[in-house]
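Reading the structure
Each chain, letter by letter, is given below.
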Amino acid sequence: SAKVGQVESAFRKPIEQAKWELDPNGAPDFIVNAVSSDLRLPIKGQDGQVPRRNGKVSFDEHLVQALDSVFTGVAFFEQVYEPRGGRERLRKLALRPNETIQRIHTAEDGGLVGITQRGVNGRDDVFIPIDRLVCYSFQKSGASWEGRSVLRPAWKHYLEVHKLESLPLSLALHIDTIRRVLL
């Protein structure tokens, strides 16, 4: 609905439009430069930098996809690396859509072990271990990594309105009239 879109936009815009930069926080220069390059992020304190374009991952695009977890409860990304300059470098953070996740595997202590993603085009399902995953879980509760959508409290009301909107107009008017008489 339009109201849901407005809420989503009000939540997303300030985060998406913020100036994002990498804070070295004492890390070695070669690591800071690699992460900055891989994610196309400027380094904090180095004014006048032109956004980097040699990295394969766009932090801005990743941020947009990651924010979906606030509305869906969870978002999974697979880290994919490639050799570059004698080191393994991040090539992509590949979104693993929620509708393709067959199972979320957890350890006895509730820690994330990995996910099983449904195979496509007749291929077998694929297990992706935690060491290759980035997971954003919004309002995670205990060992449940599914999270909870920020819109969840409004779902019941939204569903009722949606049902009413699908009724023929004359029936909806009749129900409204009965509601006014009874209330």
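In what follows, the structure referred to is the one given above.
This one's a predicted model, so the numbers in the text were calculated from it and none came from an experiment. Residue positions are given per chain, counted from 1 along the sequence in the order it is written. Restriction of local features to residues with pLDDT of at least 70 applies here, the model being predicted, together with a cutoff of 80 or more for giving and counting side-chain atom pairs; totals for whole chains, interfaces and linings are based on all residues. Here the side-chain values reflect all heavy atoms present in the structure, with hydrogen atoms and water set aside.

Thoughts on the pattern of salt bridges
Salt bridges are counted wherever a side-chain nitrogen of Lys or Arg sits within 4 Å of a carboxyl oxygen of Asp or Glu. Taken as a whole, this structure holds 11 salt bridges when the rule is applied. Across the salt bridge formed by glutamate 21 and lysine 19, the nearest N and O atoms sit 3.6 Å from each other. Between buried and exposed lies partly exposed: a residue is buried under 20% and exposed over 50% of the maximum accessible area for its type, with that area taken using a 1.4 Å probe on protein chains only. The exposure class of glutamate 21 is partly exposed, given its relative accessible area of 30%. Looking at lysine 19, the relative accessible area reads 67%, which means it is exposed. Note that glutamate 82 and arginine 91 form a salt bridge whose closest N and O atoms lie 4.0 Å from each other. On the basis of relative accessible area, glutamate 82 is assigned to the buried category, the value being 17%.

A look at the pairing of strand β4 (residues 112-117)
By definition, any uninterrupted DSSP run of H or I lasting at least four residues is a helix, any uninterrupted run of E lasting at least two residues is a strand, and each is numbered from the N terminus. Extensive coverage of β4 is indicated by the burial of 5 of its 6 residues. The turn joining strand β3 (residues 101-106) and β4, which pair antiparallel and follow one another in sequence, is formed by 5 residues; a positive phi near 90° is taken by glycine 110. The pairing criterion for strands is at least two bridges between them, as found by DSSP. As defined by bridge partners, β4 adjoins strand β5 (residues 126-129) across 4 bridges and the pair is classed as antiparallel. Looking across to β5, one finds that threonine 116 is bridged to phenylalanine 127.

Focus on the packing of aromatic side chains
Any Phe, Tyr or Trp ring, taking Trp's six-membered ring, that has another such ring centre within 6.5 Å forms a pair; planes under 30 degrees apart are called stacked, those over 60 apart edge-to-face, and the others tilted. Applying the stated criterion across every chain, the model contains 3 aromatic pairs. Considering the side-chain rings of phenylalanine 11 and phenylalanine 71, the 5.7 Å spacing of their centres and the 85° angle between planes classify their relative orientation as edge-to-face. Taken together, the residues span a long stretch of sequence, with phenylalanine 11 in helix α1 (residues 2-16) and phenylalanine 71 in helix α4 (residues 68-72) at a distance of 60 residues. Take phenylalanine 11: its relative accessible area is 32%, and that puts it in the partly exposed class. A ring pair is formed by phenylalanine 77 and tyrosine 136, whose centres lie 5.9 Å apart and whose planes are at 80°; its orientation type is edge-to-face. Taken together, the residues span a long stretch of sequence, with phenylalanine 77 in strand β1 (residues 74-84) and tyrosine 136 in strand β6 (residues 133-137) at a distance of 59 residues.

Considering the side chain of glutamine 117
The topology assignment puts glutamine 117 in strand β4. Residue classification places glutamine 117 among the buried positions, given a relative accessible area of 14%. Setting aside residues up to four positions removed in sequence, glutamine 117 forms contacts with Arg96, Pro97, Thr100, Ile101, Gln102, Asp125, Val126 and Ile128. Working rule for contacts: check all heavy atoms of both residues, and any pair within 4.5 Å makes them a contact.

Limitation: the analysis is restricted to geometry and does not speak to function.
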